[in-house]
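Notes for the structure review
Residue-level listing of the chains:
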Amino acid sequence: MIEYKQEYAYKCRMDFLTTSEAAEYVRLGERKLYELVTSGAIPCSKVAGKWLFPRHELDLWVLSGLARPAGMIAADPPPIMGGSQDDLLEWTLRESGSGLASLAEGTARGVDRLQRGEVIAAAIHFHGDAISATSVDDANIAAVRAMPGLHDAVLVGFSRREQGLLLPPDNPRQLHSLSDVLASGARMAVRQPGAGAQMLLEVLLSRGGAGHKDLRRLDPPCLTGPDLAAAIRSGKADCGIASRAAAKAAGLDFVPLLWENFDLLMRQRSYFLPSIQAVVGFIGHKRLKQRAAELTGYDTTPAGHIRFAA
């Protein structure tokens, strides 16, 4: 965990501009810039008595007011957070007063809806062997870079989540890895294609030289992590992959596999909308850290950081 935090801090070091640099960057006089600062109309931060302006935030601020010719004006998307289900995120949407509803259908479906303008943002956690362990980009950033329909994407960090095997209390079949699951013939609850947990399962199977045909699967797939946990709790399945928080909520045992980035993906024009700003402002609050600790399996170090902007 310490290694991750150091690496993350390095990757997310922002480019801050001074007042004179920011005024030149956005083509405004310093006096006008100070007026915007005073009215709270421009993103900035006061450190040791000096105003600093994050360059990425200034880019988004300018783009948020972009005017388009008639016939090209993009309608605001509906106030819905699509993508992956997450208990901490759903709590945040409520507690922040964002007014956003949640439509949890998995990472890939959330991205599809975002590209079609059917949701304002999507919660994502990609996995894939195509992403090298030595790559500069992690799986989420690499996936967003490769999306041709999201040339104006912004990726906001929400948390790191711990993913692993969910098991009945006391782990009666003594399953400690995916290899144990395959060798024992245990029935595994799975997620729908395109769900982040399903991507992770496919990666792990591939690394072990196995495929879906080698897995004794529960059908139909579970649409969310809590659905998967319920299938194990009821005895329909012996195991499945989901978050530590989902395991705790269902009273299940948990065998950790890895930590993943859990991010919020949106278009640049949506970043400064009041609903998104309510979420972004709230996730930097200590209440989020407290709730994350209660749910378990979260690291909120990335919360609120812009991890990628196209």
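Residues numbered from 1 in each chain as written. Predicted model: local features only at pLDDT ≥ 70, side-chain atom pairs only at ≥ 80, totals over all residues. Heavy atoms only, no water.

1. Re the overall build of the protein
Definition in use: Only runs of H or I of at least four residues qualify as helices and only runs of E of at least two qualify as strands under DSSP, and these elements are numbered from the N terminus. Buried residues are those whose accessible area, probed at 1.4 Å on protein chains only, stays under 20% of the maximum for their type, while exposed residues exceed 50% and partly exposed ones sit between those limits. Only heavy atoms matter for contacts: two residues are in contact if any of them lie within 4.5 Å across the pair. Where accessible areas are quoted, they stem from the Shrake-Rupley method and a 1.4 Å probe; at the residue level, only the protein chains shown are allowed to cover.
In terms of regular secondary structure, the protein is built from 14 helices and 13 strands. A burial count over the protein gives 48% of its 310 residues as buried. Put simply, of all contacts in the protein between residues at least 6 apart along the chain, 72% involve residues at least 24 apart. Of the roughly 14,900 Å² of accessible surface on the protein, 52% is carried by carbon and sulfur atoms.

2. Brief notes about the nonpolar core
Operational definition: By convention a nonpolar core is built from buried Ala, Val, Leu, Ile, Met, Phe, Trp, Tyr and Cys residues, the set being connected through side-chain atoms within 4.5 Å.
Leu88, Leu89, Val156, Phe158, Leu264, Met266 and Tyr271 are the most contacted members of the largest nonpolar core, which has 30 residues in total. Among the secondary structure elements, those contributing two or more residues to this core are α5 (87–95), β6 (121–124), β7 (153–167), β11 (253–267), α13 (274–282) and α14 (286–295). Contact partners of Leu88, with chain neighbours within four places excluded, come to Phe158, Leu288, Arg291, Ala292, Leu295 and Tyr298.

3. Considering the pairing of strand β4 (residues 80–83)
Selection rule: Any two strands between which DSSP finds at least two bridges are classified as paired. Handedness of a crossover: with both strands directed away from the viewer, a clockwise path from the first strand across the helix to the second marks it as right-handed.
Here β4 runs beside strand β5 (residues 101–102); their pairing, made up of two bridges, is parallel. Bridging across to β5, Met81 finds its partner in Ser102. What joins β4 to β5 is α5, and the crossover it makes is right-handed. Both β4 and β6 contribute to a ladder of three bridges, which runs parallel. Its bridge partner lying in β6, Met81 is registered against Ala121.

4. Brief notes about unusual backbone geometry
In this structure, Pro220 follows Asp219 across a cis peptide bond, with omega equal to -5°. Topologically, Pro220 is positioned in strand β9 (residues 216–222). Here the phi dihedral of Arg27 falls at roughly 60°; this positive angle occurs in a residue that is not glycine. Its place among the elements puts Arg27 in the loop between α2 (19–25) and α3 (30–38). Residue Asp170 is not a glycine yet carries a positive backbone phi of 70°. Looking at the secondary structure, you find Asp170 in the loop between β7 and α8 (178–184). Judged by relative accessible area, Asp170 falls into the exposed class, the value being 67%.

5. Considerations on the packing of aromatic side chains
Worth spelling out the cut-off: Working definition: rings of Phe, Tyr and Trp (its six-membered ring) pair if their centres are within 6.5 Å, and the pair is stacked with planes under 30 degrees apart, edge-to-face with planes over 60 apart, and tilted otherwise. A ring is scored as having a charge over it whenever the NZ atom of a lysine or the CZ atom of an arginine sits within 6 Å of its centre and within 35 degrees of its normal.
Taken as a whole, this structure holds three aromatic pairs when the rule is applied. Between Phe158 and Phe262 the ring centres are 6.0 Å apart and the planes differ by 70°, which places this aromatic pair in the edge-to-face class. Here Phe262 lies in strand β11 and Phe158 lies in strand β7, a separation of 104 residues in the sequence. Assessed through its relative accessible area of 0%, Phe158 is described here as buried. A ring pair is formed by Tyr271 and Phe272, whose centres lie 5.0 Å apart and whose planes are at 85°; its orientation type is edge-to-face. Its relative accessible area of 2% is what places Tyr271 among the buried residues. Arg55 extends its terminal NZ or CZ atom over the ring of Tyr25, reaching a point 4.9 Å from the ring centre. Its end group placed over the ring of Phe262, Arg161 keeps NZ or CZ at 4.1 Å from the ring centre.

6. What about α14?
Rules: An arc is given here, and it is the one of the directions from the helix axis to the C-beta atoms.
For α14, the full list of buried residues reads Leu288, Ala292 and Leu295. What you see down the axis of α14 is that its buried residues fit within an arc of 65°, all on one side. Structural note: α14 exposes Lys286, Lys289 and Ala293 on the side pointing more than 90 degrees away from its buried face. In the core, the buried residues of α14 are packed alongside α5, β7, α11 (244–250), α13 and β12 (298–299). Positive phi appears at Thr296, one or two residues downstream of α14, with a value of about 75°.

7. What about the pattern of salt bridges?
Stated formally: Each reported salt bridge corresponds to a side-chain nitrogen of Lys or Arg within 4 Å of a carboxyl oxygen of Asp or Glu.
Counting across every chain of the model gives 16 salt bridges. Across the pair Glu105 and Arg113 runs a salt bridge, and its minimum N-O distance is 2.5 Å. Here Arg113 falls in the partly exposed class, since its relative accessible area comes to 24%. Between Arg116 and Glu118 there is a salt bridge, with its nearest N and O atoms 3.0 Å apart. For Glu118, a relative accessible area of 30% corresponds to the partly exposed category. Here the salt bridges do not stand alone but share partners, grouping Glu105, Arg113, Arg116 and Glu118 into one network.

8. Some thoughts on α5
Applied cut-off: Any pair of N or O atoms that falls within 3.5 Å is considered a polar contact. Within protein, one atom must be able to donate a hydrogen and the other to accept it, and sequence-neighbouring residues count only if both atoms are side-chain atoms.
Buried within α5 are the following residues: Leu88, Leu89, Trp91, Thr92 and Leu93. If you check the start of α5, you find a side-chain oxygen 3.1 Å away from the backbone N of Leu88, and it comes from Asp86.

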